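Structural description and commentary
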Amino acid sequence: MTTAAPPAGAVPAPPTKSLGAWALDVLIWGGVAALLIYSFDAVDLGNLPRLFAGSDVVNNFIGELLRPDFSKWRLFVGEMWETVQIALWGTFLAVFLGVPMGLAAARNIAPVWVVQPVRWIMNMLRSIPDLVIGLLFVVAVGLGPLAGVLAIALNTAGVLAKLFSEAVESIDKGPVEGVRATGASKMHEIVWGVIPQVAPLWTSFALYRFESNSRSATVLGLIGAGGIGQVLFESMNAFAFRDVSAIVIIVVIAVTLIDLLSQAMRKRLL
Amino acid sequence: MTTSAAVASVRNVSKTFGARKALDGVSLEVAPGEMVALIGPSGSGKSTLLRSITGLQPIDAGGTIAVFGETVQKDGRVTGSVRKARARLGMIFQQFNLVGRLSLFSNVMLGALGRIPGWQGALGLWPGADKKKAMAALHRVGVADYAAQRANTLSGGQQQRGAIARAIVQGAQAILADEPVASLDPVSARKVMELLVELNKRDGLGVIVTLHQVDYAIRYCERVVALKAGKVVYDGPATGLDTRTLVDIYGPEFEDAFWETKQ
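Residues numbered from 1 in each chain as written. Chains lettered and ligands numbered in written order. Predicted model: local features only at pLDDT ≥ 70, side-chain atom pairs only at ≥ 80, totals over all residues. Heavy atoms only, no water.

What about the interface of chain A and chain B?
Contact with chain A, which involves 19 residues of that partner, is made by 24 residues of chain B. Taking both sides of the interface into account, the surface hidden between chain A and chain B amounts to around 1,900 Å²; carbon and sulfur atoms contribute 64%. Of all residues in chain A, the largest losses of buried area upon contact with chain B belong to Ala181(A), Thr182(A) and Trp192(A), amounting jointly to 34% of the total for that side. One can count one salt bridge joining chain A with chain B. Residues Glu177(A) and Arg51(B) are paired through a salt bridge, measuring 2.7 Å at the closest nitrogen-oxygen approach. Inspection of the chain A/chain B interface yields six residue pairs in polar contact (both at pLDDT 80 or more). Mapped onto the side of chain A that touches chain B, the elements with two or more residues apiece are helix 7 (173–180) and helix 8 (186–221) of chain A. (Contact = heavy atoms within 4.5 Å. Buried area = accessible area lost by both parts, 1.4 Å probe. Salt bridge = Lys/Arg side-chain N within 4 Å of Asp/Glu carboxyl O. Polar contact = N/O pair within 3.5 Å; in protein donor to acceptor, adjacent residues only side chain to side chain. Helix = DSSP H or I, 4+ residues; strand = E, 2+ residues; numbered from the N terminus.)

So, in structure tokens, the structure goes:
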């Protein structure tokens, strides 16, 4: 064996950052710092010490919170369960809407004159917070869980459709061509070539959204869309802080359990 | 079972990708029951030609392609009868193109999609007779034991044999194989080529196979068509491929195009 001769010529210098890149960095980080300083007063950050001043209100509040009152636990657990049900149905309806939208918004499946309008609708659904949609539905269908379900369904449908379509756009086109080459129709290509490839990812996305929707459903209760959030809001208004404390503990336990369960399921899928 | 119309009849076909001509006025006629090897260096247009015949790839206006007498490409468009034609052609790909998460059995069942009602195929309600046909096909190619396994857990050779089983279930009258052995080890490669020869000899299927390896083309196929820069530069019996012709196709280092040994 002969050893290879070293390549001729001088060793090039290590790469350096250009002056323009430096200037850009300074501009971006300097801009962020300036914005933070400028906004300091606007968000009342000067009042932060008040939190630690040990006023009677805060002391009383903390004292109550430390002694949660679980005497109404049947009601709280029942309402928590309603919140989970809101999240469940909201997510299910969102998947139901998200699958066709996700396919129609994928450039490698649908023609561009379908993709663009569907994406426009998706973006609109996503950009309106579920709290805002919830307020609209409380007006439309009245106080109660249905408003929460519909709010979650619409907002999540927009989110899932986007994630679903991105999954579809990243599939391997080989298997789809394999199906196409048997003389299959477009529908068959989707059912047998596309869906099997995206199914684990889609399921994982849907489960993940279910997790975060159980949190959203709690918040939605605050605007009267049913579930534990509504009870939380009422207890808060009645200064029943010991109830509030119990409710928060129940929410934390329930949401953690759902997270663990759904994570375990997602891990199995991927 | 042989039909009188040609398996594929390719007339004056060109295909341009940007500024590059992948196919340049190719004409080719493959008779039923023929076994034809398409050879040529990388980028010579072999795969493009095969993909054009199944209509997976539209060709430039001016050329026409007919499969079993049905026009599948004309005036730069894939025609409406392409699905019917595809159902009669079994396509084998270099990367197998099985659906990895489906079982080998399900993959082979997909061969039935072209002839059962659309909704039935979409729901996967395969007729019992087709299920038997699928198992028989898997048995024939020697991978029936893996029917229940996910396709992506199988070796390349096993997957490629599954792809051949899919073509059998399809009831294909001809097989188009695009570099079917390029991703396989020599033992699996020989097995796959022998299966193609068997389908040709025993079942009378027409076979068009693109090959990198000239020795495989000579050993397994009677007729060889060579492409170079999108043009047909040789079309004749495999025995007529002498050194001068090979140098003409591949350049002076033509021996690199042999996989096992130069005969």
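So, the pattern of salt bridges
Residue and element names in this part refer to chain A. Scanning the model with the defined rule gives 22 salt bridges over all chains in all. For Asp25, the salt bridge goes to Lys17, with nearest N and O atoms at 2.8 Å. A salt bridge links Asp259 to Arg215; the nearest nitrogen and oxygen atoms lie 3.4 Å apart. In this pair, Asp259 is assigned in helix 10 (residues 241–269) and Arg215 in helix 8, connecting sequence segments 44 residues apart. Judged by relative accessible area, which is 34%, Arg215 ranks as partly exposed. (Buried < 20%, exposed > 50% of the residue type's maximum accessible area, 1.4 Å probe, protein only.)

Overview of the sheet that holds strand 6 (residues 77–78) of chain B
All names here are of chain B. With antiparallel pairing, five strands are arranged side by side in an open sheet as 2-1-4-5-6. Two strands bound the open sheet, and with one partner strand each, they are strand 2 (20–30) and strand 6. Summarising the sheet, strand 1 (residues 8–17) and strand 4 (residues 64–67) pair through four bridges and their orientation is antiparallel. Directly across from Ser9, in strand 4, lies its bridge partner Ala66. Those strands touched by helix 1 (residues 46–53) are strand 1, strand 2, strand 4 and strand 5 (70–74), and its axis lies near 60 degrees from that of strand 2. (Pairing = 2+ DSSP bridges. Axes fitted to C-alpha atoms, helices over the stretch in contact; angles between N-to-C directions.)

Side note on the environment of Trp259(B)
Residues and elements named next belong to chain B. Examined against the element boundaries, Trp259 turns out to sit in the segment after helix 9 (243–250). Given the relative accessible area of 31%, Trp259 is considered partly exposed. With 236 residues separating them along the chain, Trp259 and Leu23 place their C-alpha atoms 26 Å apart. Residues in contact with Trp259, not counting those within four places in the same chain, are Val181, Leu184, Asp185, Pro186, Ala189, Gln213, Asp215 and Tyr216.

Let's talk about the packing of helix 5 (residues 130–141) of chain A against helix 6 (residues 145–169) of chain A
Residue and element names in this part refer to chain A. Viewed as axis vectors pointing N to C, helix 5 and helix 6 meet at an angle of 140 degrees, and their least axial separation amounts to 8 Å. Considered as vectors, helix 5 and helix 6 are oriented oblique to each other. Here helix 5 and helix 6 pass one another in a crossing that is right-handed. Contacts between helix 5 and helix 6 involve Asp130, Ile133, Gly134, Phe137, Val138 and Val141 from the first element and Leu146, Ala147, Leu150, Ala151, Leu154 and Asn155 from the second. Partitioning the contact of helix 5 with helix 6 into residue classes produces nine nonpolar, two polar and one charged. (Parallel < 35°, antiparallel > 145°, perpendicular 65-115°, else oblique. Left-handed = near helix turned anticlockwise from the far one by under 90°. Nonpolar A, V, L, I, M, F, W, Y, C, P; charged D, E, K, R; others polar.)

Re the sheet that holds strand 10 (residues 223–228) of chain B
All names here are of chain B. Taken together, six strands build an open sheet; the order of strands is 7-8-9-3-10-11 and the sheet is mixed. Every other strand in the sheet has two partners, leaving strand 7 (89–92) and strand 11 (231–237) as the edge strands with one partner each. Geometrically, the sheet is characterised by an average inter-axis angle of 15 degrees between neighbouring strands, direction not taken into account. Here six bridges tie strand 10 to strand 11, and the two strands are oriented antiparallel to one another. Bridge pairing in strand 11 places Ala226 opposite Tyr234. Where helix 6 (residues 156–169) meets the sheet, its contacts fall on strand 7 and strand 8 (174–178), and the angle it forms with strand 7 comes to roughly 170 degrees.

A closer look at the confidence of the model for chain B
Residues and elements named next belong to chain B. Looking at chain B as a whole, the pLDDT averages 91, with 97% of positions reaching at least 70. Element-level pLDDT for chain B is lowest in helix 9, with a mean of 86, against a maximum mean of 96 in helix 3 (residues 104–109). Per the prediction output, this complex has pTM 0.81; the corresponding ipTM is 0.88. (pLDDT = per-residue confidence, 0-100.)

Digging into helix 9 of chain B
All names here are of chain B. Those residues of helix 9 lying buried are Thr245, Leu246, Ile249 and Tyr250. What you see down the axis of helix 9 is that its buried residues fit within an arc of 110 degrees, all on one side. Its buried side turned inward, helix 9 meets strand 3 (35–39), helix 8 (214–220), strand 10 and strand 11. Positive backbone phi, at 90 degrees, marks Gly251, one or two positions downstream of helix 9. (Arc of directions from axis to C-beta.)

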